[in-house]
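# Survey of secondary and tertiary structure
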Amino acid sequence: MSSLLGMLVKEWFSAPQVQRRPEPAAVMDDEANVEAFHGQGEGPLIPVYHFNALAMHALLPEGGTVVDLGSGSGQYLGYLANCRPDLNIIGIDLSAPMVATGRRALTARGLAERVSLVEGDMTDFAAQLPAKVDMVSTIFALHHLPSAAHLAACLAQMAAVRKATGCAVWVFDHVRPNHPATPEVFPRIFTPTAAREFQLDSQNSLIASWGFDELSQALESAFGEAVVHRRSRLLRLYQCHWLPARDQGSKARWQGAELAGATRKDYRSLAGIFPGVPQSA
Ligand SMILES: C[S@@+](CC[C@H](N)C(=O)[O-])C[C@H]1O[C@@H](n2cnc3c(N)ncnc32)[C@H](O)[C@@H]1O
């Protein structure tokens, strides 16, 4: 508790001192990293997945098609598919081992018919999509892009899909910390039992993340319209941005399971620092 408070105080009162450093490996194709990340999707990441799934639920019509960029091994997409059995979901990731691990897991869970993972580049994907897309999303992935030019290329592709289909857009990621100690302390506080590979990945992810203003401005300039931007309060290390679909279809029923115990508590803490983000089932 005291280390959390210490980290928060340093973040609040520090000027931005952390220079962006791109991820050492933009594409996650090291087997140990793939395993470590996939494993977190079964436990510690559930509160974050639940938060994102509820926000996307509010933006998605019945029977919608979701295209998710940097989908990793599809752990989040499997979670979303269980909460919204009406959706068809396509995940795009440049890492062959992530896609292979994900396909195996989705098949074992009986979800492979509705969630397909394809190898592809989030800076060049728009031409390969079906004509009907209801949402383009990206969760914990934009910080993997090596440079501002790659980010602009990815957002331009997302904007092209929105222009062609009128789809909704949902973006969730970390915010780069202000204080140099935060990247190291953050994983020790929030994922103390995670594999060493995951902790290092978390640390690198924070340093590679875009600032809130940086990403907000890049989105505004790519989409040429008013995007909704939210940064988490208190623990100011998360950001989300969204655009509703141009034509909102009929609503579907949320069928996600109730969270319990520590997972529910962690989810509530996350939702609590993001007022104004749609979270009703
Ligand atoms: C931290 S993981 C996020 C996985 C997933 N979205 C989640 O939240 O569980 C980021 C993923 O982005 C992928 N990635 C990096 N650069 C990419 C690119 N240019 N195109 C597609 N995927 C990319 C990596 O391979 C990695 O699997």
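Before reading on, note that the structure itself is shown above.
So, a few notes on the structure that sits alongside this text. (Residues numbered from 1 in each chain as written. Predicted model: local features only at pLDDT ≥ 70, side-chain atom pairs only at ≥ 80, totals over all residues. Heavy atoms only, no water.)

### Structural notes on a nonpolar patch on the surface
As a reminder, the rule being used: Patches were defined on residues exceeding 30% relative accessible area and lacking a salt bridge, with like-charge contacts within 9 Å and nonpolar side-chain contacts (Val, Leu, Ile, Met, Phe, Trp, Tyr) within 5 Å. With residues, only the protein chains shown are counted as cover, and all accessible areas are computed by Shrake-Rupley using a 1.4 Å probe. Whenever Lys or Arg places a side-chain nitrogen within 4 Å of a carboxyl oxygen from Asp or Glu, that contact is recorded as a salt bridge. Put simply, DSSP marks the helices as runs of H or I at least four residues long and the strands as runs of E at least two long, and each gets a number from the N terminus on.
A cluster of nonpolar side chains, contributed by L5, V9, W12, F13 and L234, occupies part of the molecular surface with about 530 Å² of accessible area. Position of W12 among the secondary structure elements: in helix α1 (residues 2–13).

### What to know about the sheet that holds strand β5 (residues 168–174)
Here is the rule we go by: Here the rule is simple: two strands pair whenever DSSP picks up at least two bridges between them. Fitting a line to C-alpha atoms yields each axis, with helices limited to the stretch in contact; the angle taken between N-to-C directions then spans 0 to 180 degrees.
Overall, mixed pairing links the seven strands, which are arranged β3-β2-β1-β4-β5-β7-β6 in an open sheet. In this open sheet, the two strands that pair with only one neighbour each are β3 (115–119) and β6 (228–231). Pairs of neighbouring strands in the sheet enclose a mean axial angle of 15°, with direction left out of account. Taken together, the five bridges between strand β1 (residues 65–69) and strand β2 (residues 88–93) define a ladder with parallel strand orientation.

### Quick look at the side chain of H179
This is how the line gets drawn: For this analysis, residues touch if any pair of their heavy atoms sits within 4.5 Å.
Position of H179 among the secondary structure elements: in the loop between β5 and α7 (182–190). The contact partners of H179, leaving out residues within four places of it in the chain, are K10, E11, S14, Q17 and V18.

### Topic: the packing of helix α6 (residues 148–165) against helix α9 (residues 212–223)
Stated precisely, the cut-off is as follows: Angles are sorted into four bins: roughly parallel if under 35 degrees, roughly antiparallel if over 145, roughly perpendicular if 65 to 115, and oblique for all others. By definition, turning the near helix anticlockwise from the far helix through less than a right angle yields a left-handed crossing, and turning it clockwise yields a right-handed one. Here the nonpolar group is Ala, Val, Leu, Ile, Met, Phe, Trp, Tyr, Cys and Pro; Asp, Glu, Lys and Arg are the charged ones; every other residue, Gly included, is treated as polar.
Their axes nearest at 9 Å, the elements α6 and α9 cross at an angle of 45°. As summarised for this structure, α6 and α9 are arranged oblique, according to the angle between their axes. Crossing geometry of α6 relative to α9 is assigned as right-handed. Residue-level inspection shows L151, L155, A156, M158, A159 and R162 of α6 in contact with α9, the latter providing L215, A218, L219, A222 and F223. Partitioning the contact of α6 with α9 into residue classes produces ten nonpolar, no polar and one charged.

### Things to note about the packing of aromatic side chains
Note the following rule: Centres within 6.5 Å make a pair out of two Phe, Tyr or Trp rings, where for Trp the six-membered ring is used; the pair is then stacked when the planes are under 30 degrees apart, edge-to-face when over 60, and tilted otherwise. Charge over a ring is defined by NZ of Lys or CZ of Arg lying within 6 Å of the ring centre and within 35 degrees of the ring normal.
Applying the stated criterion to the full structure yields ten aromatic pairs. Aromatic rings pair up to connect F51, F140, F172, F186, F190, Y238 and F274 into one cluster. The ring of W210 is capped by R20, whose NZ or CZ atom sits 3.7 Å from the centre of that ring.

### Quick look at the site of the ligand
Note the following rule: One heavy atom within 4 Å of a molecule or strand is enough for the residue carrying it to be called near that molecule or strand. By the criterion applied in these results, polar contacts are pairs of N or O atoms within 3.5 Å in which, for protein atoms, one can donate a hydrogen and the other can accept it, and in which residues neighboring in sequence qualify only through two side-chain atoms.
The ligand sits among 18 residues. The nearest are Y49, G70, D93, M122 and I139. Here an oxygen atom of the ligand sits 2.9 Å away from a polar atom, N or O, in the side chain of Y49. Within the side chain of D93, an N or O atom sits 2.7 Å from an oxygen atom of the ligand. Computed on the free molecule, the ligand has an accessible area of 600 Å², of which 97% lies beneath the protein chains in the complex. Considered class by class, the residues forming the shell around the ligand number ten nonpolar, six polar and two charged.

Geometric values such as these leave the question of function open.
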